[in-house]
Structure formats: structure tokens, C-alpha cells
Amino acid sequence: MDLTTEYLGLSLRNPLIASASPLTGTLDGLRRLEDAGAAAVVLPSLFEEEIEAEAAARERLDALGAGFAEADGFFPRASLPTAGPPHQLRLIERARAALGIPLIASLNGTTDAGWTSYARLAEQAGAQAIELNTYFPPLDPALDGAAVEQRHVDVLTAVKRAVRIPVAIKLGAGFSAPGAMIRRLDAAGADGVVLFNRFYQADIDLVTLRPWWHPSLSGKTEIRPGLLWISTLAGTLRAAIAASSGVETAEEVVKYLLVGADVVMSTSALLRHGPEHLRALLEGLARWGDARGFTSVADLRGRMSRARSGWPAAGARGDYIGVLHGYMGDR
Ligand SMILES: Cc1cc2nc3c(=O)[nH]c(=O)nc-3n(C[C@H](O)[C@H](O)[C@H](O)COP(=O)(O)O)c2cc1C
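Please read these numbers as outputs of a predicted model, since none were measured by experiment.

A. The overall build of the protein chain, seen in detail. Per the secondary structure count, the protein chain includes 14 helices and 13 strands. At 21 Å, the protein chain has a C-alpha radius of gyration in line with the 20 Å of a compact globule built from 331 residues. Principal-axis analysis of the C-alpha atoms places the extent of the protein chain at approximately 75 × 45 × 45 Å. Looking at the protein chain as a whole, 49% of its 331 residues qualify as buried. Across the protein chain, every contact between residues at least 6 apart in sequence was considered, and the portion connecting residues at least 24 apart equals 71%. Only carbon and sulfur atoms are counted for the fraction: they give 56% of the accessible area of the protein chain, which is about 16600 Å². Here the protein chain holds 33 positive side-chain charges and 37 negative ones, and the gap between their average locations is 5 Å.

Here it is in C-alpha cells:
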């Protein structure tokens, strides 16, 4: 089966992309992902807070060291945090020189100036596309859904104006009407939508009575919000669609493509089994397609989209009632 595909105007050797994670944060990890078959990689997000903190630390050191040549010995630059833009931008530059696959830089800003300036820096460092990792938890109860949605559109519009490379936006599924939100972003010029991100909520440690966070890995049932919304929107957007969350085996990859995803992203499975797990995903996809006579990814893509199969609209309420009434125990 021909696995080649396109995403954000980039020609890819297959539809599997390694999404942002610690695995994509080192040159060694990136090389392993490329060797195992990743068609593209998304680097870990540049967080505006981290960048600002590092810039402030550098300024303080510069002020302390001004006029004292030996001060560099007391405050070695190597002791500065290795995160933040210099590290991340160097990684983009080095990865661009070392890898043959496209690099997508991910941003997570807080201010318009932060989003746009780091987008420009990532573009200058050699990123071939940008992914906006939007995270605006509306913890202020006075902030309504319309304001949160508008913020997504404003950030996208500002970054689109700032760079020439394609811009995708990665969203959580927690909108009251995800379809309408995604269509707004499409109309505002998004080159791609990544459906969906996973956000991590705090638990409570009953010993210390403090909140604690742990980025738990996903399981395969987490493909379902993506299946629903990708099948609903496939064929109706100008933007490309990347499926994200819940890929554990080749079956989830096939399902995402069947509902209409252009590409499929994976993090948890690659953290759990190592980057080489990509090979199993790719071989499983090719085997499944060959066994059913599909000649290419394009051939199977969207077979289960709403436009082509009626799913999931057909019988939606009836299916819901049937599921509740037909419960037979956990399977
Ligand atoms: C340890 C860890 C670090 C992550 N870092 C980022 C990040 O920097 N930016 C981002 O957009 N997503 C990040 N993610 C989210 C993943 O890119 C991905 O969207 C999410 O894990 C869902 O995909 P999965 O089910 O294949 O894991 C991270 C996830 C994990 C587990």
C-alpha cells in the first residue's frame, strides 16, 4: 500500500507523526524517531513563561558580571537552565541539519507578543511549520466560552500574520461545540487542526494535602472524541486534520484514517514502547490496507467520514439509548 501523504503542504513518506514529548526534545530521540519511520516530528512546546524566566536569569547574570571578567567563573553560563529558546532554537537548527524529515515547532504563549515573536524565531531557526499548543483554562468564572473561543482565533490570526510557514492549531476537546470552533479556526486561516490535545488535571495527595500532577499516558479508548469530530468534519475543512490521542496499535491509526485524518500523531505509545514502536504501527497499517485491497492511504482515508458513510449522525440518539440499555458488563 502506498503510504505517502501530505500535511500542511509538506510531502510525507507516511501518515505517522511523532507528537510533542520529551522524545522529540533531543537530537538522539529525533534521530531514533526518524530511523523508526516517523514522517515528521513536533518538537516540545516553547513555553513563554520558561523563555521569560531564562531571559530574566541571563539579564541578572549579565548585570552581576558587568565589568568583572572573572565573574564568568563564579556564574558560569553552563549553569543556566538548558530549556527555553536558545536550547530549543539550537535544537531546531541542529535537527534541521541532521534530519531529512520535516520539523514542526510547537509554541505555547501567554501574550500576543510572545506567540508571534517565538513563532518568528522558530521559523528563522528552520522549522517547516508551527503548531500552536493552546491552553487557556478558563478558571475565572467570569470568563465565558465566547471569550475563550475568541482568544483562540486571535492567537491564530496573530501568528498567521507573523510567519510565512504553515500554522496548525492543537486543541483540547472541551468546547461546548467543537465543530463550530474548528470551523471558525478554519475560516480564520488555520493550515491544520490537531484533534485533540490531552490536558492534565491535578489530583490531591492525601498525605501532604497538596495538589500533585502526573502526566499519565493515554489509552486506546481516548481515540473516541477524535473519531467523532474528525468523521464529522472531514471533507468540510480547508485545513488539514491531524488526529492525536489514544494511538496504541495500528488499529487506532487505521480508524483515524478511515474517519478522514490526513495524519496520525503518537506520543504515549512511543514513550511506553520506545520510538521503534513506530515500525509496528506502520507495518500494521500496511498489512491491514493490503489485506483489504486498499492501494494507498488516500484510498482508505475518509471511508468512514460522515460525508461518505453517514456516521456518526445516523441514529446518534438511538445509538446512545441503545448503549445505555444494552450494558452487559465491562468489556
Ligand atoms: C510527557 C509528555 C510531554 C508532553 N509535552 C507536550 C508539549 O510540549 N507540547 C504539546 O503540545 N503536547 C505535549 N504533550 C502531549 C502530546 O503531544 C500528545 O498530544 C498527547 O500525549 C496525546 O497523544 P497520545 O495519546 O498519543 O499520548 C506531552 C505529553 C506527554 C505525555
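B. Molecular detail of the packing of helix H8 (residues 224-233) against helix H9 (residues 250-259). Close contact between H8 and H9 brings their axes to 8 Å; oriented N to C, the two are set at 25°. By the criterion of interaxial angle, the relationship of H8 to H9 is roughly parallel. Listed contacts from H9 to Gly226, Leu227, Ile230 and Ser231 of H8 are Lys255, Tyr256 and Val259. A class-by-class count of the residues in the contact of H8 with H9 yields 4 nonpolar, 2 polar and 1 charged.

C. Structural view of the pattern of salt bridges. Applying the stated rule across the entire model yields 9 salt bridges. When the shortest N-O distance is used, the salt bridge between Lys160 and Asp191 registers 2.8 Å. A residue pair is termed long-range when its members are at least 10 positions apart, and Lys160 in helix H6 (residues 145-162) and Asp191 in the loop between helix H7 (178-187) and strand E9 (192-195) qualify at 31 residues. Looking at Lys160, the relative accessible area reads 28%, which means it is partly exposed.

D. A look at the pairing of strand E8 (residues 167-171). Taking burial as the measure, the 5 residues of E8 include 5 buried ones, the bulk of the element. By the alternation rule, side chains of E8 split into Val167, Ile169 and Leu171 and Ala168 and Lys170, which are all buried. Sheet topology note: the strand E7 (residues 129-133)/E8 ladder contains 4 bridges and is parallel. Across the sheet, Asn133 pairs through a bridge with Lys170, a residue of E8. At this point the chain moves from E7, through H6, to the parallel E8, and the crossover so formed is right-handed.

E. Local environment of the confidence of the model for the protein chain. For the protein chain, the average pLDDT comes to 90, and 90% of its residues sit at 70 or higher. Low pLDDT, under 50, characterises residues 71-82; the predicted model gives this stretch 11 contacts beyond four residues in sequence or across chains.

F. Summary view of the packing of aromatic side chains. In total, this model carries 2 aromatic pairs according to the counting rule given. Considering the side-chain rings of Tyr135 and Phe199, the 4.9 Å spacing of their centres and the 45° angle between planes classify their relative orientation as tilted. Taken together, the residues span a long stretch of sequence, with Tyr135 in the loop between E7 and H6 and Phe199 in the loop between E9 and strand E10 (203-205) at a distance of 64 residues.

G. Spotlight on unusual backbone geometry. Residues Leu195 and Phe196 are joined by a peptide bond in cis, for which omega reads 5°. With an omega of 10°, the peptide bond running from Trp311 to Pro312 counts as cis. One non-glycine residue, Leu8, lies in the positive phi region at around 55°. Considering the arrangement of structural elements, one finds Leu8 in the loop between strand E1 (5-7) and strand E2 (10-12). Leu8 gets classed as buried once you look at its relative accessible area, which sits at 8%.

H. A look at the site of the ligand. Residues in contact with the ligand amount to 20 residues; listed here are only the nearest, Ala20, Ser45, Ser218, Gly246 and Ser268. Gly246 has a polar backbone atom sitting 2.7 Å from an oxygen atom of the ligand. A distance of 2.9 Å separates an oxygen atom of the ligand from a polar backbone atom of Thr267. Among the detected pockets, the ligand sits in the largest pocket.

I. Region of the structure containing a nonpolar patch on the surface. Together, Tyr320, Ile321, Val323 and Leu324 make up a nonpolar patch on the protein surface, roughly 410 Å² of accessible area in all. Mapped onto the elements of the fold, Leu324 is located in helix H14 (residues 316-325).

What counts and how
Residues numbered from 1 in each chain as written. Predicted model: local features only at pLDDT ≥ 70, side-chain atom pairs only at ≥ 80, totals over all residues. Heavy atoms only, no water. Helix = DSSP H or I, 4+ residues; strand = E, 2+ residues; numbered from the N terminus. Rg over C-alpha atoms; globule rule 2.2 N^0.38 Å. Buried < 20%, exposed > 50% of the residue type's maximum accessible area, 1.4 Å probe, protein only. Contact = heavy atoms within 4.5 Å. Areas by Shrake-Rupley, 256 points an atom, 1.4 Å probe, with all protein chains shown as cover. Lys, Arg positive; Asp, Glu negative; His and termini not counted. Charge placed at Lys NZ, Arg CZ, Asp CG, Glu CD. Axes fitted to C-alpha atoms, helices over the stretch in contact; angles between N-to-C directions. Parallel < 35°, antiparallel > 145°, perpendicular 65-115°, else oblique. Nonpolar A, V, L, I, M, F, W, Y, C, P; charged D, E, K, R; others polar. Salt bridge = Lys/Arg side-chain N within 4 Å of Asp/Glu carboxyl O. Pairing = 2+ DSSP bridges. Right-handed = clockwise from strand over helix to strand, strands pointing away. pLDDT = per-residue confidence, 0-100. Phe/Tyr/Trp six-rings, centres within 6.5 Å; stacked < 30°, edge-to-face > 60°. Near = heavy atom within 4 Å. Polar contact = N/O pair within 3.5 Å; in protein donor to acceptor, adjacent residues only side chain to side chain. 1 Å grid on protein atoms, 1.4 Å probe; cavity = no way out; pocket = protein on both sides within 12 Å on 5 of 7 lines; lining within 4 Å. Sits in = over half its atoms within 2 Å of the grid points. Patch = residues over 30% accessible without salt bridge, like charges linked within 9 Å, V, L, I, M, F, W, Y side chains within 5 Å.

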